[in-house]
Amino acid sequence: MEAHCCARPSTRFLSVVLSVGALPLLCGASHRTTNFVVEARSADVAKKVAEHAEECRRTIARAWLGRELPDWAEPCPVKVKLTGGEAGGLTSFGFDHNHVSDQSMVVEGRLDRILASAVPHEVTHTVFAAFFGGPMPRWADEGASLLSEDQRERSRHDQIAVDLMARRGEISLGELFQIDEYPKDLMAFYGQGYSISRFLIEIGGRPRFLEFVRDGLATGWDAATLDHYGLASVRELDRAWRSWHRGLASNRNAPPINDPALALSEPAQPIDEPRRNALR
C-alpha cells in the first residue's frame, strides 16, 4: 500500500507539511455526514465544516470530472483546530491497487478561512486522489487545488508567482514536472504550480488538464504536451506559459477575470470512461 500526503501551507503556518503531530488538536465534539466525520471543539463548528466539505465535494467533483463522486465506503476523518490565524491543512492518503484505501484530513485557522480556503483545497485533493487512484505530481496536486480557494487566496498566489518570476526564482517546467517532494522554498513552489495550473486550465479546461497530467506520468511530458496542447515539447509549453504570465503580470491591477474554465460553478463535460481506463 502506498501512502501520500498533501499539504496546504498558510502564510503563518508552514510546518504543517512536516507532520500531523505539528497540529495539536482541541476536539470536543463531532458531526458525521455521508462522506465526512469531523471532530472540532464544538458541535456547531463540526457541523459547519462537515456540511461545507460535502458541498465542496459535490461542486468540485462536478467542476473537474463532470459528475459527482460515488459515496465513500468510509467517511473521511477531519480534525479541526480553531486559531486566530490564516488557514492551513494536511490530507493523507493510502493507495492500494489504484484505489484510495484510506484518507484523513486536518485543517486549522479561523473558521471563516477554514471554510473559504482550507476545506475546498483539501477536498480537491480527495477528488484528485479518487480520479488518479494514486499520487498526483506535487506541482499539479497543489497548484490545481489552490484554484478551489476563494478569490483572496487566488489573487495572493498570482502575486507570489509575479514576485517569483520578477526575481527569477522560478524553475523550468521540465524541472518542476519532475519534483516528487516538497522543496525548501515552499511558497515559491506553490506559486509556480498554481500559475502553470491556471494557465493550462485557462487554455484547455479542467478535464484536459487531468488527462495531460495522467498522460505525462504514463508516456512522458513532451508527448503529453503535444497530444493535449499542440506544442512540440515541455520547453515550448514553458515559453507559452511565460508569455502568458508576462501578460498577466502587466495587468495585475485589473479586476479578476471571470473565466468559466476556472469557475467551480461551471460543470465540466464528463471525462470519457473508456479514455480514462485506457490511461490507467
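Residues numbered from 1 in each chain as written. Predicted model: local features only at pLDDT ≥ 70, side-chain atom pairs only at ≥ 80, totals over all residues. Heavy atoms only, no water.

All right, on to the overall build of the protein chain then. The number of helices and strands found in the protein chain is ten helices and six strands. For the protein chain, restricting intrachain contacts to residue pairs at least 6 apart in sequence, the fraction spanning at least 24 positions comes to 72%. For the protein chain, the exposed area adds up to about 12,400 Å²; of that, 51% sits on carbon and sulfur atoms. (Helix = DSSP H or I, 4+ residues; strand = E, 2+ residues; numbered from the N terminus. Contact = heavy atoms within 4.5 Å. Areas by Shrake-Rupley, 256 points an atom, 1.4 Å probe, with all protein chains shown as cover.)

Turning our attention to the environment of F212. For F212, the position within the fold is in helix 7 (residues 206–219). The residues contacting F212, other than those within four sequence positions of it, are W139, F177, L200, W221, A224, T225, H228, Y229 and L237.

Our focus in this paragraph is helix 7. For helix 7, with 14 residues, the first-to-last C-alpha span of 20 Å sits near the 20 Å given by 1.5 Å per residue. In terms of burial, helix 7 is largely enclosed, as ten of its 14 residues are buried. Taken together, the buried positions of helix 7 are R206, P207, F209, L210, E211, F212, V213, R214, D215 and G216. G220 sits one or two residues past helix 7 and shows a positive phi near 105°. (Expected span 1.5 Å × (residues − 1). Buried < 20%, exposed > 50% of the residue type's maximum accessible area, 1.4 Å probe, protein only.)

Throughout the structure, instances matching the rule amount to 16 aromatic pairs. On the basis of an interplanar angle of 75° and a centroid distance of 5.4 Å, the ring pair of F36 and W72 is categorised as edge-to-face. A residue pair is termed long-range when its members are at least 10 positions apart, and F36 in strand 3 (residues 36–40) and W72 in the loop between helix 1 (43–65) and strand 4 (76–82) qualify at 36 residues. Each member of the pair, F36 as well as W72, carries the same accessibility label: buried. R57 extends its terminal NZ or CZ atom over the ring of W72, reaching a point 4.2 Å from the ring centre. When the ring centre of W64 is taken as reference, the NZ or CZ atom of R206 above it lies at 4.5 Å. (Phe/Tyr/Trp six-rings, centres within 6.5 Å; stacked < 30°, edge-to-face > 60°. Lys NZ or Arg CZ within 6 Å of the ring centre and 35° of its normal.)

Turning our eyes to something else, we now look at the pairing of strand 2 (residues 29–32). Across a regular strand the side chains alternate sides, sitting on one face of the sheet and then on the other. Strand direction decides the pairing type here: strand 2 and strand 3, joined by four bridges, are antiparallel. What sits directly across from R32, in strand 3, is V37. Two successive antiparallel strands, strand 2 and strand 3, enclose a turn made up of three residues. (Pairing = 2+ DSSP bridges.)

If you walk through the whole model with that rule in mind, you get 17 salt bridges. As a salt-bridge pair, R152 and E86 come within 2.3 Å of each other at their nearest N and O atoms. Here R152 is found in helix 4 (residues 151–166), whereas its partner E86 is found in the loop between strand 4 and strand 5 (88–95), with 66 residues between them in sequence. Residue E86 is classed as buried on the basis of its relative accessible area, which comes to 17%. Between R167 and D185 there is a salt bridge, and its shortest N-O distance comes to 3.6 Å. Of this pair, R167 sits in the loop between helix 4 and helix 5 (173–176) while D185 is found in the loop between helix 5 and helix 6 (186–204), placing the two residues 18 residues apart along the sequence. Salt bridges sharing common partners tie together E86, R110, D112, R113, D150, R152, E153 and R156. (Salt bridge = Lys/Arg side-chain N within 4 Å of Asp/Glu carboxyl O.)

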